[in-house]
Structures are given as C-alpha cells and as structure tokens.
Number of protein chains: 2
Amino acid sequence: MFTAMAVITQPVATTRNRILDVAERLFVKHGYDGTSLRMITGEAKVNLAAVNYHFGGKEALMEAVLKRRLDWLNEERMRVLDELEASADGRPPRPHKIVEAFFGTLIGMGSNRELGGEVFLKLIGRSFTSPNGFIRALLAEEYREVVERYKQAFINALPEVPRQEVAWRFQFMLGATAYALAGSDFLQVSVQFDSDELPIEQARRLWPRLYSFLVGGMRAAIPEGDLQPLGGFGLGLSMADLEAADLDDADDAAVA
Amino acid sequence: MFTAMAVITQPVATTRNRILDVAERLFVKHGYDGTSLRMITGEAKVNLAAVNYHFGGKEALMEAVLKRRLDWLNEERMRVLDELEASADGRPPRPHKIVEAFFGTLIGMGSNRELGGEVFLKLIGRSFTSPNGFIRALLAEEYREVVERYKQAFINALPEVPRQEVAWRFQFMLGATAYALAGSDFLQVSVQFDSDELPIEQARRLWPRLYSFLVGGMRAAIPEGDLQPLGGFGLGLSMADLEAADLDDADDAAVA
DNA sequence: GTCTATAGACGGATAGAC
DNA sequence: GTCTATCCGTCTATAGAC
C-alpha cells in the first residue's frame, strides 16, 4: 500500500551518538532540569567536557536530541500524506486515514529502536508541556509546517465541521496521544503495561484503542456555544449560573 | 438541580498562604526543578527560612500546594456524582453527564480565583507527567478513590463497552483535558487564547469543545484488536531487529 | 578530540539570635 | 515566627595540557 519507506541509517557508536542516546533516556527519566551533564557523561562513559565540545552546551544538546527524531518523523508524515492524497485521485482522504497517517506514524516509531523506540515517545509526549521555553519554541518550529498541512487535510476531509473546530480537535487529539505516551502511572491500576512487556506489544495494545478514541472525538457532534461546566463559570459565586448548567443529550457518534 | 456547594473559605494572607500562592504560580512558570526556594521567598517577600519552618522542605511545599486544591476538587467530584446518581433513581446516569461531572468540575475551577483559577489548571495539567516521582505518587494517591468511583460509573453507563476499554478511554480523556489545560503554545496559530482575555472567557471557549470531543471519544466504535500503525509494528525493520527490542529501567516511582 | 582542574554561581537546608 | 549567616554540595562552562 505505502511503498517507499524513508531510509533508516544505522547509527555508529561515536562519542557524539553515545551522548545523544544517554541524554535522551535521562531527559525522559529525570526531566531536562533534573538531568545534569555529569549524569549524562558519567553514564555514557565520556568526558564531561565532551558535551560542550560536541554540542556547545546543555540547551544545544537537548535541541540535538529532539531534532534527531523530529526531522525524521515529520518528513515521514509529509511523505505518508503525499501518498495518501495521491492514491485518492482528487477526493480528500477520509478523516480516519489522516488520523492514521499523523498519529500512526508516531506510534510506529515506538516499536523501533533505531528511531528512539518508546523512550522517544515518552520524551516527545512530555516535551510539549515543558516549562523550558526553548523546548516549546523548538517544537513549535519543528511542527509548524506539518501541523498546518494536516490541519488543512482535516478541513478538506470534514466539510461539515467548521474550520475553527478542526483546529481545536487537532489539539485535543495531540493531548490524548501525548499523555498516553508520556506514561502517567496513576491510572495504571486498570490500564497497565506489564513492565516486562516488549515495547512492540505495548504499542499493539495502545494503538487500536487510541485510534478509535481519536476518530470518535474528531467526528463528534458540533458543540453548542453556550454549554457551561458544572457549577457554571465562576464556580460557587452565583446560583443563577447553576440553573443553566443542565443541558441535555448530544446524539450518538457515528461508526465506520 | 445541584443544591449544596462545598464552602469556599476566604483565605487569609498569612506568611504560609503567601508562600503557597507564589509557589503555585512559579511552579507552573518554571517547573518544580526550575523553581528555587529563593525565587519563591523573594517574590512572596518572606524570609528564606520560612519555607522550611512552615512546610519542612521543598518537596513538602509542593505537596501542600497540590493538596490545597486537590482535596477540594475531588471532594466536590464525589459530591456531584452522589447527586447525579441520586437524581437518576436506580438507573445509571448517562455517560455525558458523568463526563460533565468529572471534567466540568475541574474546568469550573479555572474561572474562580479562590480555587486557584487558570494557574492551578495549568499546574495540574502538567503534574501528571512530572519527572519527579513524588509528584506522580502524590497524584496517584489523591486520585485513586475518585477515579475508581467514576470508572465504575462509566462502566455502568456504557454496558456495551467492555470494562477494560472504559479504563483506556478514561485515560485518553484525562490526557486530552490535561494538555488543553497545560497550555502548549505550538498549535496556537489557530487555537489561540487572547492573552488579555479573562480566564472565564477562556473557559467559556474551551469547555463546550472539549466536552463534545470527550463524549465523542467515549462513545466511539469498539476498536479492532489487530489494527496496525502505519508501517506496521516495527516500522522499517526486520523481525530479527524486533526481537532484540529492549526494556527500560525500573521506574523509581513509588505507587501505592 | 580528549582530558584535568577549576572558576564562579546557585542550590536546599539549618544553627542559633531575637 | 522571623531573621541573619553560613555550611556544603552541585551546577554549567571553560581554560589549557596532551
């Protein structure tokens, strides 16, 4: 179905690459601020000064860690959408195929060590909400083109959904995905990845469920404009707000 | 419809409370690791030693910041679900009402200064994926009861959805919500909160859209078991490579 | 490219006066 | 409860030998 696959270059275990690999893992485990260069160089068995020699500093190292994966990911996403649109001769691709192209490409990386595997998935899942401005700025820049293109594809595929709503839903899809990847533990009483389970098995369990949730959300009924959260806006301040909070049913979501 | 509202106590500007307020804001802005006690006590105009006197240390301060809001939130969620179930005399409440009870209660806090407003929403949105184990452990403990109860409510409300799938979807809903609240900037080309806009106006724009997305995802078609991401599991790799896939280190998080 | 050594700033925590 | 002063560890970054 999809023919050409972007070439994956076999990495060499140079000092530079060893630093990148260890940094990626430790940035996930302890966060950017919680990881020192000494932790990285110690575990990678390279000299402390090597980070500054090869990358120029800690921030530049983080940039290199992220770009190594994101350049590949977003080029692949562009390529997959190209193929999807080419194979549909003129008609817009179906929404669930676009979801698959954008998020499936990411999840697929989780099963592949050369592409960062589940370590990278956790890193990207957490980076969007990093308190460090330079990380968010880098992601904004790296994602700008591909998000704009996919957003347009969704708009074409969902003529009945207002443009603005598509953008919101894209954001919600990204959030649901990022959190699933970032791997919060607190729900794991029920949704538990067996820690001895291979990453490929984890992806196999996650992907169909996430996919169906995203497609369901993307196709949901258009929201009413004046729906209020429980207790109203300004919770606890006015009883008048409470009266309006009780709205009724949306219809059932479509299935395909 | 909903009668009693939990009482909101007017906070006094004691040293202790000033520390909590400033710490909440700075932990959001710079993250836990990126915020020093000197930054907090400086801005709160209290002595550096006051944090250790009143809370015992930095970690204990973070715990106090989170508990101040979460105790109220999760008690309110319990109360709202009580009322919802009482008003349905015997039948399970409809799924969208449960979504409203759980997530609407949270969003409502964003419009209320006394409850932390949008600052707390950002804090909680980011805390679930904190690299600091003690923060995730605290959240797991604070959410355990209320998540268990709401999960059961969803299971009762959605007899056609297998129990296990309900847990996954709960996790996805939490993710979509947390990210929307954490306020990643990178999609803001299209989904933009005017920074001069009042928090209450931001909530008014977010909530109906998030609500409809969550309900749509919750009611989606049941996923197929063998769906594969684009490129399959093990994107671009041979089977031999896949079998070599490795496991990551044991997590240092203590989950009760 | 790799290494040692160190500069120079900042971190959390605490002892003890008031 | 509040304050000053300080301990002691860690941080990033760099100078300079090899």
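Definitions and limits used
- Residues numbered from 1 in each chain as written.
- Chains lettered and ligands numbered in written order.
- Predicted model: local features only at pLDDT ≥ 70, side-chain atom pairs only at ≥ 80, totals over all residues.
- Heavy atoms only, no water.
- Helix = DSSP H or I, 4+ residues; strand = E, 2+ residues; numbered from the N terminus.
- Buried < 20%, exposed > 50% of the residue type's maximum accessible area, 1.4 Å probe, protein only.
- Contact = heavy atoms within 4.5 Å.
- Areas by Shrake-Rupley, 256 points an atom, 1.4 Å probe, with all protein chains shown as cover.
- Near = heavy atom within 4 Å.
- Polar contact = N/O pair within 3.5 Å; in protein donor to acceptor, adjacent residues only side chain to side chain.
- 1 Å grid on protein atoms, 1.4 Å probe; cavity = no way out; pocket = protein on both sides within 12 Å on 5 of 7 lines; lining within 4 Å.
- Points joined across faces, edges and corners; volume = space filled by probe spheres on them.
- Nonpolar A, V, L, I, M, F, W, Y, C, P; charged D, E, K, R; others polar.
- Axes fitted to C-alpha atoms, helices over the stretch in contact; angles between N-to-C directions.
- Parallel < 35°, antiparallel > 145°, perpendicular 65-115°, else oblique.
- Left-handed = near helix turned anticlockwise from the far one by under 90°.
- Phe/Tyr/Trp six-rings, centres within 6.5 Å; stacked < 30°, edge-to-face > 60°.
- Lys NZ or Arg CZ within 6 Å of the ring centre and 35° of its normal.
- Salt bridge = Lys/Arg side-chain N within 4 Å of Asp/Glu carboxyl O.
- Domains from an automatic or database assignment.
- Buried area = accessible area lost by both parts, 1.4 Å probe.
- pLDDT = per-residue confidence, 0-100.

Thoughts on the overall build of chain A
Piece 1. Tallying secondary structure elements over chain A gives 10 helices and 0 strands in all.
Piece 2. In sequence order, chain A lays out its α and β elements as α-α-α-α-α-α-α-α-α-α.
Piece 3. Expressed as a percentage of the 256 residues in chain A, the buried residues total 57%.
Piece 4. Sequence separation of at least 24 residues holds for 71% of the intrachain contacts in chain A that already meet a minimum separation of 6.
Piece 5. For chain A, the exposed surface amounts to about 10800 Å²; the carbon and sulfur share of it is 51%.

Here's the deal with the protein's contact with DNA strand D
Piece 1. Near DNA strand D you find 14 residues, and of these Leu37 and Arg38 of chain A together with Thr15, Asn47 and His54 of chain B are the closest.
Piece 2. Of what DNA strand D places within 4 Å of the protein, 50% of the atoms are sugar or phosphate.
Piece 3. With respect to DNA strand D, the backbone of Leu37 of chain A contributes an N or O atom lying 3.0 Å from a phosphate oxygen.
Piece 4. At a separation of 3.0 Å, a phosphate oxygen of DNA strand D approaches a polar side-chain atom of Thr15 of chain B.
Piece 5. For the surface near DNA strand D, the elements supplying multiple residues, two or more each, are helix H2 (37-44) of chain A together with helix H3 (49-54) of chain B.
Piece 6. With 3 residues, H3 of chain B is the single largest residue contributor to the surface near DNA strand D.

Thoughts on the protein's contact with DNA strand C
Piece 1. Looking at DNA strand C, there are 14 residues lining it, with Thr15, Asn47 and His54 of chain A together with Leu37 and Arg38 of chain B nearest.
Piece 2. A distance of 3.0 Å separates a phosphate oxygen of DNA strand C from a polar atom in the side chain of His54 of chain A.
Piece 3. For DNA strand C, a base nitrogen lies 2.8 Å from a polar atom in the side chain of Arg38 of chain B.
Piece 4. Tallying contributions element by element places helix H3 (residues 49-54) of chain A first for the surface near DNA strand C, with 3 residues.

Section: empty space enclosed by the protein
Gaps left between atoms are located by rolling a probe of water-molecule size over the structure's atoms.
Piece 1. Taken as a whole and judged by the stated rule, the model has 9 cavities of 30 Å³ or more.
Piece 2. Approximately 460 Å³ is the volume attributed to the largest cavity.
Piece 3. Surrounding the largest cavity, 33 residues form its lining, Ser130 and Pro131 of chain A together with Thr129, Ser130 and Pro131 of chain B being those nearest its centre.
Piece 4. Elements that contribute at least two residues to the lining of the largest cavity include exactly helix H1 (15-30) and helix H6 (117-127) of chain A together with helix H1 (15-30) and helix H6 (117-127) of chain B.
Piece 5. Ranked by residues supplied to the lining of the largest cavity, first place goes to H6 of chain B with 4 residues.
Piece 6. Within the lining of the largest cavity, the residues separate by chemical class into 14 nonpolar, 14 polar and 5 charged.

Considering the packing of helix H8 (residues 163-182) of chain A against helix H9 (residues 199-218) of chain A
All names here are of chain A.
Piece 1. Where H8 contacts H9, the two axes come as close as 10 Å, and the packing angle between them is 160°. Here H8 is positioned roughly antiparallel relative to H9, judged by the angle of their axes. Considering the relative orientation of H8 and H9, their crossing is right-handed. Contacts between H8 and H9 involve Val166, Arg169, Met173, Ala176, Thr177, Ala180 and Leu181 from the first element and Leu206, Leu210, Phe213, Leu214, Gly217 and Met218 from the second.
Piece 2. Of the residues that constitute the contact of H8 with H9, the class distribution is 10 nonpolar, 2 polar and 1 charged.

Let's talk about the packing of aromatic side chains
Piece 1. Taken as a whole and assessed by the stated rule, the structure comprises 26 aromatic pairs over all chains.
Piece 2. Ring geometry for Tyr32 of chain A against Phe134 of chain A: centres 5.2 Å apart, planes inclined by 65°, an arrangement best described as edge-to-face. Remark: Phe134 of chain A occurs in helix H7 (residues 133-157) and Tyr32 of chain A occurs in the loop between H1 and H2; sequence separation between them is 102 residues. By the burial criterion, Tyr32 of chain A is buried, and Phe134 of chain A matches it.
Piece 3. Ring plane angle 70° and centroid distance 4.9 Å describe the contact between Phe102 of chain A and Tyr150 of chain A, whose orientation is recorded as edge-to-face. In this pair, Phe102 of chain A is assigned in helix H5 (residues 95-109) and Tyr150 of chain A in helix H7, connecting sequence segments 48 residues apart. No difference in accessibility class separates Phe102 of chain A from Tyr150 of chain A, as the two residues are buried.
Piece 4. Through pairs of rings, three or more aromatic residues link up here, namely Phe128, Tyr143 and Tyr179 of chain A together with Phe128, Tyr143 and Tyr179 of chain B.
Piece 5. For Lys58 of chain B, the ring lying beneath its charged end belongs to Tyr32 of chain B, and the centroid distance is 4.5 Å.

Details of the pattern of salt bridges
Residue and element names in this part refer to chain A.
Piece 1. Tallied over the entire structure, the rule returns 26 salt bridges over all chains.
Piece 2. Residue Glu24 pairs with Arg69 through a salt bridge whose shortest N-O separation is 2.9 Å. On the criterion of sequence distance, the pair formed by Glu24 in helix H1 and Arg69 in helix H4 (residues 58-86) is long-range, its members being 45 residues apart. Summarising the burial analysis for this pair, Glu24 and Arg69 share the class buried.
Piece 3. Through salt bridges with shared partners, a single network forms among Asp21, Glu24, Arg68 and Arg69.

Quick word on the domain arrangement of chain A
Buried accessible area, meaning the area lost when the parts come together, often serves as the stated size of an interface.
Residues and elements named next belong to chain A.
Piece 1. Split by domain assignment, chain A resolves into domain 1 (11-56) and domain 2 (65-222).
Piece 2. The distance between the C-alpha centroids of domain 1 and domain 2 comes to 27 Å.
Piece 3. In total, domain 1 and domain 2 occlude about 1000 Å² of area from one another, counting both sides; carbon and sulfur atoms represent 61% of this.
Piece 4. If you look at where domain 1 meets domain 2, you find 3 salt bridges.

Things to note about the confidence of the model for chain A
Piece 1. For chain A, per-residue confidence averages 85 on the pLDDT scale, and 81% of positions sit at 70 or higher.
Piece 2. pLDDT under 50 marks residues 236-256 of chain A. Its contacts with residues more than four places away, or in other chains, come to 35 contacts.

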